[in-house]
Amino acid sequence: MAGEMRQEWTWRDMFRSVGMAFSFSRLLVGFFGLALMAAADGLLAWAGYEVTQAGYDVAGTEVASPWLVWMGTELFWYLRLIVVAYLFFGTCVAISYGVKGELLDGEGARAGESINFALRKIGAVFWTPV
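Rules behind the numbers
- Residues numbered from 1 in each chain as written.
- Predicted model: local features only at pLDDT ≥ 70, side-chain atom pairs only at ≥ 80, totals over all residues.
- Heavy atoms only, no water.
- Phe/Tyr/Trp six-rings, centres within 6.5 Å; stacked < 30°, edge-to-face > 60°.
- Helix = DSSP H or I, 4+ residues; strand = E, 2+ residues; numbered from the N terminus.
- Buried < 20%, exposed > 50% of the residue type's maximum accessible area, 1.4 Å probe, protein only.
- Axes fitted to C-alpha atoms, helices over the stretch in contact; angles between N-to-C directions.
- Parallel < 35°, antiparallel > 145°, perpendicular 65-115°, else oblique.
- Left-handed = near helix turned anticlockwise from the far one by under 90°.
- Contact = heavy atoms within 4.5 Å.
- Nonpolar A, V, L, I, M, F, W, Y, C, P; charged D, E, K, R; others polar.
- Patch = residues over 30% accessible without salt bridge, like charges linked within 9 Å, V, L, I, M, F, W, Y side chains within 5 Å.
- Areas by Shrake-Rupley, 256 points an atom, 1.4 Å probe, with all protein chains shown as cover.
- Salt bridge = Lys/Arg side-chain N within 4 Å of Asp/Glu carboxyl O.
- Arc of directions from axis to C-beta.

Can you explain the packing of aromatic side chains? Please cite residues and give values.
Summed over the entire model, instances satisfying the criterion amount to 4 aromatic pairs. Centroid distance Tyr86 to Phe89: 6.0 Å. Interplanar angle 75°. Geometry classified as edge-to-face. Note that Tyr86 and Phe89 are positioned in helix α3 (residues 67-105) at a spacing of 3 residues, about one turn of the helix. Residue classification places Phe89 among the partly exposed positions, given a relative accessible area of 35%. Measuring from centroid to centroid gives 6.3 Å for Phe88 and Phe89, while their planes differ by 50°, and the two rings are tilted. When its relative accessible area of 44% is taken as the criterion, Phe88 is described as partly exposed. Of the aromatic side chains, those joined through ring pairs into one cluster are Tyr86, Phe88 and Phe89.

As C-alpha coordinates, then:
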(Lines give C-alpha, C1' and ligand atoms only; values in the text may rest on other atoms or scores of the structure.)
Protein backbone atom coordinates (compact mmCIF):
# COMPACT_ATOMS: atom_id res chain seq x y z
CA MET A 1 0.00 0.00 0.00
CA ALA A 2 1.04 3.55 -0.53
CA GLY A 3 0.69 4.42 3.15
CA GLU A 4 3.33 1.89 4.14
CA MET A 5 5.93 3.45 1.81
CA ARG A 6 5.40 6.99 3.07
CA GLN A 7 8.54 8.84 4.14
CA GLU A 8 8.58 11.41 6.93
CA TRP A 9 10.81 14.45 6.53
CA THR A 10 11.99 16.06 9.75
CA TRP A 11 14.39 18.89 10.46
CA ARG A 12 17.18 16.39 11.19
CA ASP A 13 17.10 15.28 7.56
CA MET A 14 18.34 18.72 6.52
CA PHE A 15 21.88 17.70 7.50
CA ARG A 16 21.54 14.34 5.76
CA SER A 17 20.52 16.08 2.53
CA VAL A 18 23.87 17.90 2.34
CA GLY A 19 25.64 14.57 2.44
CA MET A 20 23.34 13.22 -0.25
CA ALA A 21 23.98 16.19 -2.52
CA PHE A 22 27.75 15.98 -2.24
CA SER A 23 28.21 12.23 -2.50
CA PHE A 24 31.01 11.21 -4.83
CA SER A 25 28.82 9.28 -7.28
CA ARG A 26 26.44 12.22 -7.79
CA LEU A 27 29.31 14.66 -8.22
CA LEU A 28 30.88 12.29 -10.74
CA VAL A 29 27.62 12.00 -12.70
CA GLY A 30 27.20 15.77 -12.64
CA PHE A 31 30.77 16.33 -13.83
CA PHE A 32 30.30 13.79 -16.62
CA GLY A 33 27.10 15.54 -17.69
CA LEU A 34 28.76 18.96 -17.66
CA ALA A 35 31.71 17.65 -19.68
CA LEU A 36 29.34 16.09 -22.22
CA MET A 37 27.35 19.34 -22.45
CA ALA A 38 30.51 21.39 -23.00
CA ALA A 39 31.80 19.00 -25.67
CA ALA A 40 28.48 18.93 -27.54
CA ASP A 41 28.14 22.71 -27.35
CA GLY A 42 31.69 23.23 -28.58
CA LEU A 43 31.21 20.87 -31.53
CA LEU A 44 27.93 22.48 -32.54
CA ALA A 45 29.42 25.99 -32.19
CA TRP A 46 32.33 24.95 -34.39
CA ALA A 47 29.96 23.43 -36.98
CA GLY A 48 27.85 26.59 -37.01
CA TYR A 49 30.94 28.72 -37.54
CA GLU A 50 32.11 26.50 -40.40
CA VAL A 51 28.71 26.69 -42.08
CA THR A 52 28.71 30.48 -41.69
CA GLN A 53 32.19 30.80 -43.18
CA ALA A 54 31.38 28.48 -46.09
CA GLY A 55 29.58 31.36 -47.83
CA TYR A 56 32.73 33.52 -48.05
CA ASP A 57 35.94 33.16 -50.00
CA VAL A 58 39.47 33.91 -48.76
CA ALA A 59 39.13 37.65 -49.43
CA GLY A 60 35.96 37.83 -47.37
CA THR A 61 33.52 38.49 -50.21
CA GLU A 62 30.24 36.64 -50.21
CA VAL A 63 30.13 33.89 -52.83
CA ALA A 64 27.04 31.95 -51.74
CA SER A 65 23.47 32.74 -50.81
CA PRO A 66 22.77 34.33 -47.42
CA TRP A 67 20.80 31.32 -46.22
CA LEU A 68 24.12 29.76 -45.18
CA VAL A 69 24.70 32.64 -42.78
CA TRP A 70 21.18 32.21 -41.41
CA MET A 71 21.67 28.46 -41.04
CA GLY A 72 25.01 28.93 -39.28
CA THR A 73 23.72 31.45 -36.81
CA GLU A 74 20.03 30.85 -36.12
CA LEU A 75 19.60 27.15 -36.81
CA PHE A 76 22.75 26.01 -35.06
CA TRP A 77 22.06 28.29 -32.09
CA TYR A 78 18.67 26.65 -31.54
CA LEU A 79 20.16 23.21 -32.13
CA ARG A 80 22.82 23.93 -29.50
CA LEU A 81 20.16 25.02 -27.03
CA ILE A 82 18.06 21.88 -27.60
CA VAL A 83 21.02 19.48 -27.34
CA VAL A 84 22.36 21.09 -24.16
CA ALA A 85 18.87 21.12 -22.61
CA TYR A 86 18.38 17.41 -23.27
CA LEU A 87 21.82 16.56 -21.93
CA PHE A 88 20.93 18.59 -18.83
CA PHE A 89 17.67 16.65 -18.45
CA GLY A 90 19.56 13.37 -18.80
CA THR A 91 22.07 14.43 -16.15
CA CYS A 92 19.25 15.43 -13.80
CA VAL A 93 17.57 12.04 -14.33
CA ALA A 94 20.80 10.20 -13.51
CA ILE A 95 21.39 12.23 -10.35
CA SER A 96 17.80 11.93 -9.16
CA TYR A 97 17.87 8.16 -9.68
CA GLY A 98 20.74 7.91 -7.20
CA VAL A 99 18.98 10.18 -4.70
CA LYS A 100 15.74 8.22 -4.97
CA GLY A 101 17.57 4.98 -4.25
CA GLU A 102 19.19 6.49 -1.18
CA LEU A 103 15.92 7.89 0.13
CA LEU A 104 13.92 4.69 -0.36
CA ASP A 105 16.51 1.96 0.18
CA GLY A 106 19.11 3.73 2.29
CA GLU A 107 21.79 3.14 -0.34
CA GLY A 108 22.05 5.18 -3.52
CA ALA A 109 23.01 3.95 -6.96
CA ARG A 110 26.59 4.19 -8.12
CA ALA A 111 27.58 6.50 -10.97
CA GLY A 112 27.54 3.74 -13.59
CA GLU A 113 24.12 2.52 -12.54
CA SER A 114 22.71 6.05 -12.61
CA ILE A 115 24.08 6.78 -16.08
CA ASN A 116 22.84 3.40 -17.34
CA PHE A 117 19.35 4.17 -16.00
CA ALA A 118 19.34 7.59 -17.69
CA LEU A 119 20.42 6.06 -21.00
CA ARG A 120 17.69 3.42 -20.79
CA LYS A 121 15.09 6.10 -20.05
CA ILE A 122 16.30 8.56 -22.69
CA GLY A 123 13.08 8.09 -24.67
CA ALA A 124 10.94 9.21 -21.76
CA VAL A 125 13.32 12.09 -21.06
CA PHE A 126 13.21 13.11 -24.73
CA TRP A 127 9.44 13.01 -25.13
CA THR A 128 8.49 14.66 -21.83
CA PRO A 129 9.11 18.27 -23.01
CA VAL A 130 7.75 17.52 -26.48
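Let us keep going from here.
Outline the packing of helix α2 (residues 24-53) against helix α4 (residues 111-120), supporting the account with residue identities and numerical values.
Relative to each other, α2 and α4 sit at 50°, their axes nearing to 9 Å. Looking at the two axes, α2 sits oblique to α4. Handedness of the crossing formed by α2 with α4: right-handed. Touching Ser25, Leu28, Val29 and Phe32 of α2 are Ala111, Ser114 and Ile115, all from α4. In terms of residue class, the contact of α2 with α4 is built from 5 nonpolar, 2 polar and no charged.

Kindly report on a nonpolar patch on the surface, identifying the contributing residues and their values.
Among the surface-exposed residues, Trp9, Leu103 and Leu104 lie close enough to one another that they form a single nonpolar patch of about 310 Å² accessible area. One can find Leu104 in helix α3.

So what's going on with the environment of Leu44? Residues and values would help.
Examined against the element boundaries, Leu44 turns out to sit in helix α2. Separated by 39 residues in sequence, Leu44 and Val83 have C-alpha atoms that sit 9.2 Å apart. Not counting residues within four places of it along the chain, the set of residues in contact with Leu44 comprises Phe76, Leu79, Arg80 and Val83.

Explain α4 to me, using residue names and the numbers behind them.
Inspection of α4 places Ala111, Ser114, Phe117 and Ala118 among the buried residues, and these make up the whole buried set. For α4, the buried positions fall inside an angular range of 130° around the axis, keeping them on one side. Structural note: α4 exposes Leu119 and Arg120 on the side pointing more than 90 degrees away from its buried face.

Lay out the pattern of salt bridges with the relevant residues and their values.
Oppositely charged side chains can form a pair if their charged atoms are brought close together. Following the criterion strictly, the structure yields 2 salt bridges and no others. The partner of Glu113 in a salt bridge is Arg110, with the nearest N and O atoms 3.1 Å apart. Under the relative-accessibility criterion, Arg110 is labelled exposed at 59%.

Can you lay out the side chain of Ser25 for me, pointing to particular residues and giving the numbers?
Within the element layout of this structure, Ser25 appears in helix α2. Given the relative accessible area of 19%, Ser25 is considered buried. For Ser25, the residues in contact, after removing those within four places along its chain, are Ala109, Arg110 and Ala111.

Nothing here speaks to function; it is geometry throughout.
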